[in-house]
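Observations on chain architecture
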Amino acid sequence: MTQVPAANWAESFHYGFKDCHYPSSVEEVRAIVARSAAVKTLGSRHSFNAIVDGSSAMSLEHLPINPVVDSSGNQVSVAGHCTYGELALFLQRHQLAIHNLASLPHISIAGAIATATHGSGDKNGNLATAVSGLEFVAGDGSLVKVKRGDADFEGMVVHLGALGVVTRVTLDVQPEFQVAQHVYEGLSWDALLSNLDAIMAAAYSVSVFTQWGERAGAVWLKETEKSGNHPDALHGAVNADIKRHPIIGLDAENATEQLGAFGRWSDRLPHFKMGFTPSSGAEIQSEYHVPRKHGAAAVEALLSIRSKFAHLVQSGELRTVAADSLWLSPQFERDTLSIHFTWVRDQAAVDAAAAQIEQALAPFSPLPHWGKVFTRQHVGRNYAKLPDFARLRGRMDPERKFSNPWLEEVVFGAKA
Ligand SMILES: Cc1cc2nc3c(=O)[nH]c(=O)nc-3n(C[C@H](O)[C@H](O)[C@H](O)COP(=O)(O)OP(=O)(O)OC[C@H]3O[C@@H](n4cnc5c(N)ncnc54)[C@H](O)[C@@H]3O)c2cc1C
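Residues numbered from 1 in each chain as written. Predicted model: local features only at pLDDT ≥ 70, side-chain atom pairs only at ≥ 80, totals over all residues. Heavy atoms only, no water.

Going by the annotation in an unreviewed UniProt entry, the name recorded for the protein chain is Xylitol oxidase, with Rhizobium metallidurans given as the source organism.

Below, the structure written as structure tokens:
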């Protein structure tokens, strides 16, 4: 045991850990879990709430990542704590890619799939949908290996850190592809609300960045060679002729290349470059997923109360995510519009804003991002598969070694 992490990446949430294990082999992970009463596995600490908290932590950063492409060339397996950035560098040597990335490549794979982290694209599932196999150390220290098609597999991928220590992940891969990024500025709210579906369908991956001001903001198109030519203007928004950062006023050097230049998938699908600080750093994030059919109405409902929260927004983002069949995915059997907020780092003000936003979104069946800030309540009850997940957790972690108060309240509905 050495250094005990004090806070999340953004330093907005302070952990209560008293110690932290740093195993250097899977055998050591198994021994630690077997003898521990409680242990929380850390990913890259990019979540914003108490999902990772407890008395005892475990970091896997001393384990090798050991990526391996299978003989078919359709799958890669790698240690769970590997970041998408590290994986992309390895895949580059094999001319391979995964289907999508989040806004930043700095996050761990096991931590990202735990919370159903996503990028954008009408046809792109969240990052957990690329998982075809998992290896966990379960609560008794045993090694559990599962693959797509096995019983309960669809309950294990969006795992919330509740089922075990994810030591390896297998992901679907495809031949590498090129992406070009175009930013269109000055989109009006009318144009956005009247053409939401067309705008979100305009490229392989689309983000609308907004500060909830007088105009909606900017549309970022990430087009692949396959998706065709980009237009000169997009519903009244004009093609930017200089590079932009998603947060207006921050140095665009940290952002991935734009201005229509094609480049490697992994250098364009995230908004932020590996090796640079993503986003602003001093921030808090919230995000709500609503069914696509309610997308425009949900945005309009927020517009009507924007005076209550816009002053706290560093950057807002709308993305789309395709439906899936993963039990605790906010996209379980529904395509979503995902409404994201990068807030200033003022927890009390953000908590108050989140409550207002949740009230405005209530008619639209919103589900919060598991890794971001929302009002602490029994979110799990909105998931049809929660009883199955509870049964699965009971089997994999009967002594609740991987639990914490956040999981018990927010997921399983225990009273605080
Ligand atoms: C700047 C920034 C940009 C972001 N952009 C996006 C975005 O584009 N899209 C999006 O959806 N989200 C985004 N997020 C949120 C982020 O992707 C999620 O919070 C994600 O869960 C972070 O992964 P992590 O590795 O940091 O996990 P952590 O926050 O460290 O942990 C999350 C959960 O995973 C568990 N866990 C982690 N590793 C393991 C393991 N090996 N075994 C078992 N359990 C484990 C933890 O115990 C915890 O339950 C962003 C966050 C930041 C700070």
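Once the structure has been displayed, the description carries forward.
When its secondary structure is counted, the protein chain shows 10 helices and 20 strands. By principal-axis analysis of the C-alpha atoms, the protein chain measures approximately 60 × 50 × 40 Å. Put simply, the protein chain has 416 residues, and 59% of those count as buried. Long-range contacts, defined as pairs at least 24 residues apart, comprise 72% of the intrachain contacts of the protein chain with a sequence gap of at least 6. Approximately 16000 Å² of the protein chain is accessible, and the part contributed by carbon and sulfur atoms is 50%. When the 36 positive and 43 negative side-chain charges of the protein chain are each reduced to one mean point, those points stand 3 Å apart. (Helix = DSSP H or I, 4+ residues; strand = E, 2+ residues; numbered from the N terminus. Buried < 20%, exposed > 50% of the residue type's maximum accessible area, 1.4 Å probe, protein only. Contact = heavy atoms within 4.5 Å. Areas by Shrake-Rupley, 256 points an atom, 1.4 Å probe, with all protein chains shown as cover. Lys, Arg positive; Asp, Glu negative; His and termini not counted. Charge placed at Lys NZ, Arg CZ, Asp CG, Glu CD.)

Moving on: the domain arrangement of the protein chain. Segmentation of the protein chain into domains returns domain 1 (68-175) and domain 2 (178-368). Distance from the C-alpha centre of domain 1 to the C-alpha centre of domain 2: 24 Å. Counting residues at the interface gives 34 residues for domain 1, matched by 35 residues for domain 2. Summed over both partners, the interface of domain 1 with domain 2 buries about 2700 Å², with 59% contributed by carbon and sulfur atoms. There are one salt bridge connecting domain 1 and domain 2. Measuring nitrogen to oxygen at the nearest pair gives 2.8 Å for the salt bridge that ties D122 to R292. Here domain 1 is connected to domain 2 by 18 residue pairs in polar contact (both at pLDDT 80 or more). Among the secondary structure elements, those contributing two or more residues to the side of domain 1 that touches domain 2 are α2 (84-93), β6 (96-97) and α4 (153-156). No other element matches α2, which puts four residues into the side of domain 1 that touches domain 2. Within the side of domain 1 that touches domain 2, the residues separate by chemical class into 14 nonpolar, 16 polar and four charged. (Domains from an automatic or database assignment. Buried area = accessible area lost by both parts, 1.4 Å probe. Salt bridge = Lys/Arg side-chain N within 4 Å of Asp/Glu carboxyl O. Polar contact = N/O pair within 3.5 Å; in protein donor to acceptor, adjacent residues only side chain to side chain. Nonpolar A, V, L, I, M, F, W, Y, C, P; charged D, E, K, R; others polar.)

Let us look at helix α7 (residues 295-303). Those residues of α7 that sit buried are G295, A298, V299, A301, L302 and L303. On its buried face, α7 sits against α5 (189-194), α6 (196-200), β17 (284-291), β18 (313-321), β19 (336-343) and α8 (347-361).

Annotation from UniProt places "domain: FAD-binding PCMH-type" (unreviewed entry) at residues 13-176. The span residues 13-176 carries 18% helix and 25% strand; its end-to-end C-alpha distance comes to 37 Å. (UniProt positions renumbered as here; feature names shortened; annotations may be inferred.)

The subject of this paragraph is the sheet that holds strand β5 (residues 75-79). If you walk across this open sheet you meet the five strands as β4-β5-β9-β7-β8, and the pairing is antiparallel. Looking at strand neighbours, the two that pair on one side only are β4 (68-69) and β8 (143-147), the edges of this open sheet. Relative to strand β9 (residues 165-172), β5 is paired through five bridges, and the arrangement is antiparallel. Directly across from V76, in β9, lies its bridge partner L171. Relative to the sheet, helix α1 (residues 26-35) contacts β7 (131-137), β8 and β9, its axis offset from that of β7 by approximately 55°. (Pairing = 2+ DSSP bridges. Axes fitted to C-alpha atoms, helices over the stretch in contact; angles between N-to-C directions.)

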